[in-house]
Amino acid sequence: MPKSEDDIDLDGVLNEIGQFGRFQIRQYGLMVIPIILNAFFTLSYVFTAGNLNYRCEVPGCDNGPNSVYHPEWLNNTVPFRHGIPAQCERFQPITNASLDNLLCDADDFDQKNIIECGSFIFEDDEVTIVNDFNITCPNNDWKLTLVGTINNVGQFVALPIAGYISDRFGRRLVLLLSVAGSAIFGVIRSFAASYEMFIALEFLDPLIGSTMYTTAFVLALELVGPKMRVTGNNIISCAFSFAEAGLGLLAMLLRNWRYLLRALYIPGIVSLPFLWMTTESVRWLLSKGQREKAFDVLKRAAKMNGKTLSPAAIDSFCPVSDNESRSEMLENNNFFNLLTNAFKNRRLILRVANCSFCWLTNVLVYFGLSLNSVTLAGDKYLNFILVSLVELPGFLIMQLILDRVGRRVTLCTTMILCGLFCFLSEFIPTGNHWLSLILFLVSKMAITMSFGTLYIYTVEIFPTNLRQSLLSVCSMFGRIGSMVAPQTPLLAKIWAPLPMVIFGSIGIASGLAILEFPETLNTQLPNTVEEAMNMNTDEGNKGRERLA
């Protein structure tokens with residue numbers, strides 16, 4: 001009879017070949033590529049669909065292409081709102097003379113008679129879909145926020161499908177398809193001739209490429225020993241943060257959305273030959289009964305790391321000679337059978353539901369803070385870069401505490417702190433820009449620590465044969481948060497503090513709900529539903545003692 005997957009202590013084998021040697025470094029070097037691309041692709045709409053500063057063109061006063069945004073006579077011709085020129089309104093001229101003879105004095109305009117306008121003067125030469133497709137005036141703001149929502153609807157639809165394909169056909173195939181498909185649709189989108197074409201491609205891009213991050217994350221982390229998982233997680237998280245900051249820098253340099261998209265997406269096509277060298281997940285190969293291929297991967301890893309596998313490890317991977325028994329094992333591991341049996345476990349269903357709520361909260365607050373950063377006072381590019389880079393100290397703190405205080409306490413504490421800082425930021429007196437920005441940045445650092453912990457935590461609390469699928473299910477519910485996040489700047493028009501109040505409330509609620517999760521510090525990754533549900537029991541603690 002063939003040995004089951006459970007008979008193989010893969011974490012023990014990873015200890016033998018090296019928990020983070022040259023082989024894992026090579027794999028991480030490759031996986032950093034889709035992580036960077038995902039940051040570019042996921043957040044590009046912040047700038048391609050970003051709103052601009054503009055005002056009405058005043059006939060007889062403005063001088064066509066040579067017009068400036070804030071001439072001396074502007075107060076005489078355009079109403080101001082909170083010190084900013086109204087975007088789509090101007091005063092009605094009262095002179096009977098030709099518009100060419102206007103002096104643009106206050107006497108030339110009836111400041112009690114406000115009219116709408118159809119042509120505009122923009123503050124600078126930046127080009128987004130606002131001026132390219134004439135999506136102007138507040139009544140069209142929904143078209144801009146819809147771009148981010150449509151992007152995340154595509155991710156919401158794709159994630160469970162991609163999770164199934166990944167668990168059924170392998171992580172490597174899904175990674176290649178997601179990078180190639182997303183890159184192609186992104187390049188095509190840069191040539192969009194209308195808003196409708198742009199929004200359709202904005203949906204198709206994540207529909208193909210949304211699983212890029214989760215697949216790369218699983219491929220990288222599954223080959224890392226238990227004691228190096230936090231380090232491995234932080235490498236990926238730091239790469240994403242640097243890529244976010246890089247996106248802000250590219251947007252600052254390339255002020256045309258079409259050029260920006262090409263700069264972001266063409267590298268995805270170029271990266272495909274490198275990603276072809278990616279190693280398939282050993283845990284996935286074992287879950288599919290492909291013991292020989294898994295053993296070949298581990299032999300190559302041991303050789304590259306300068307290690308030797310023990311006879312016991314080699315014996316556990318002995319090829320199965322009984323083809324009939326092997327077929328029977330594969331039949332029993334049928335994905336739908338596994339999924340059906342798994343969801344008969346009430347505790348697992350509750351764990352998935354709690355994890356999904358945690359994902360929704362983290363994604364909503366994380367992306368909500370990122371998107372709202374460009375609405376803060378000051379330079380929007382610098383704000384976006386700062387909000388991205390503030391994640392780095394969060395990862396450093398994670399590195400120092402996560403293997404000491406554990407996953408559950410870290411996740412609970414950071415989410416509650418993020419909620420409290422979001423509330424506090426609304427009590428800052430108006431005009432104190434820097435103090436408000438500091439609290440905003442601290443909130444982003446806290447949710448970053450929470451999000452980074454959540455990724456590694458989700459990998460550790462679900463079994464191998466369903467890990468990618470259940471991670472995708474939780475991530476799918478997280479996408480509800482990212483669908484709502486682009487709309488949060490509109491909430492500020494109802495009540496200015498409303499976005500931060502929402503972020504603070506759900507952050508604290510989710511932080512308390514986390515206490516229902518088991519602690520996974522120094523535990524082996526579970527291979528079965530039973531092992532996953534036995535965490536923090538006497539049986540589950542045996543694995544922790546072996547790794548401590």
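Residues numbered from 1 in each chain as written. Predicted model: local features only at pLDDT ≥ 70, side-chain atom pairs only at ≥ 80, totals over all residues. Heavy atoms only, no water.

1. A word on the confidence of the model for the chain
Mean pLDDT over the chain works out to 83, with 89% of the residues at or above the 70 mark. The low-confidence segment residues 320-332 (pLDDT under 50) makes 15 contacts with residues lying over four places distant or belonging to another chain. (pLDDT = per-residue confidence, 0-100. Contact = heavy atoms within 4.5 Å.)

2. Thoughts on the nonpolar core
Core analysis: the biggest nonpolar cluster contains 110 residues, and Phe 47, Ile 129, Phe 133, Val 147, Trp 359 and Phe 462 have the highest contact counts within it. With 14 residues, helix α22 (residues 433-461) is the single largest residue contributor to this core. Filtering out sequence-adjacent residues up to four positions away, Phe 462 remains in contact with Leu 348, Arg 351, Val 352, Cys 355, Arg 467, Leu 470, Cys 474 and Pro 526. (Core = buried A, V, L, I, M, F, W, Y, C linked by side-chain atoms within 4.5 Å. Buried < 20%, exposed > 50% of the residue type's maximum accessible area, 1.4 Å probe, protein only. Helix = DSSP H or I, 4+ residues; strand = E, 2+ residues; numbered from the N terminus.)

3. As for the pattern of salt bridges
Applying the stated criterion across every chain yields a total of 10 salt bridges. Between Glu 89 and Arg 81 there is a salt bridge whose closest N-O contact spans 2.4 Å. Residue classification places Glu 89 among the partly exposed positions, given a relative accessible area of 27%. Lys 299 is the partner of Asp 296 in a salt bridge, and the nearest nitrogen-oxygen pair spans 3.6 Å. Separated by three residues within a single helix, Asp 296 and Lys 299 lie in helix α14 (residues 291-305), roughly one turn from each other. With a relative accessible area of 42%, Lys 299 lands in the partly exposed category. Three or more residues are tied together by salt bridges with common partners; here these are Arg 189, Glu 202 and Asp 205. (Salt bridge = Lys/Arg side-chain N within 4 Å of Asp/Glu carboxyl O.)

4. Considerations on the packing of aromatic side chains
Overall, the coordinates contain 14 aromatic pairs when judged by the stated rule. Centre to centre, the rings of Phe 47 and Tyr 381 are 5.7 Å apart; their planes meet at 10°, and the pair counts as stacked. Taken together, the residues span a long stretch of sequence, with Phe 47 in helix α3 (residues 45-48) and Tyr 381 in helix α19 (residues 380-389) at a distance of 334 residues. There is no split in this pair, since Phe 47 and Tyr 381 are both buried. Between Tyr 457 and Phe 517, the ring centres sit 5.4 Å apart and the planes meet at 80°, which makes this aromatic pair edge-to-face. Taken together, the positions of Tyr 457 in helix α22 and Phe 517 in the loop between α25 (498-513) and α26 (529-533) put the pair 60 residues apart, joining distant regions of the chain. An aromatic cluster of three or more residues is present, and its members are Trp 359, Tyr 366, Phe 367 and Phe 451. Sitting over the ring of Tyr 195, Lys 143 keeps its end group 5.9 Å from the ring centre. (Phe/Tyr/Trp six-rings, centres within 6.5 Å; stacked < 30°, edge-to-face > 60°. Lys NZ or Arg CZ within 6 Å of the ring centre and 35° of its normal.)

5. With respect to the state of the cysteines
Under the counting rule described, the total for this entry stands at three disulfides. The side chain of Cys 56 participates in a disulfide bridge whose partner is Cys 117; the two sulfur atoms lie 1.8 Å from each other. Of note, the bridge from Cys 56 to Cys 117 carries an S-S torsion of about -75° and is left-handed in sense. Here Cys 56, found in strand β1 (residues 54-56), pairs with Cys 117, found in the loop between β5 (109-116) and β6 (120-122); they are 61 residues apart in sequence, far enough to count as distant. (Disulfide = S-S within 2.5 Å.)

6. Things to note about α19
Most of α19 is tucked away, with seven of its 10 residues classed as buried. Looking only at α19, the buried set comprises Lys 380, Tyr 381, Asn 383, Phe 384, Ile 385, Val 387 and Ser 388. The inward-facing, buried residues of α19 contact α2 (22-43), α3, α10 (229-253), α18 (346-373), α20 (391-405) and α22. With a side-chain oxygen positioned 3.0 Å from the backbone nitrogen of Tyr 381, the residue opening α19 is Asp 379. (Polar contact = N/O pair within 3.5 Å; in protein donor to acceptor, adjacent residues only side chain to side chain.)

7. Regarding the side chain of Ser 237
One can find Ser 237 in helix α10. When residues no more than four places from it in sequence are discounted, the contact partners of Ser 237 are Tyr 213, Phe 395 and Gly 452.

8. Some remarks on unusual backbone geometry
Although it is not a glycine, Asn 134 sits at a positive phi angle of roughly 55°. Note on placement: Asn 134 falls in the loop between α5 (129-132) and α6 (141-169). One non-glycine residue, Cys 137, adopts positive backbone phi at about 75°. Secondary-structure assignment places Cys 137 in the loop between α5 and α6.

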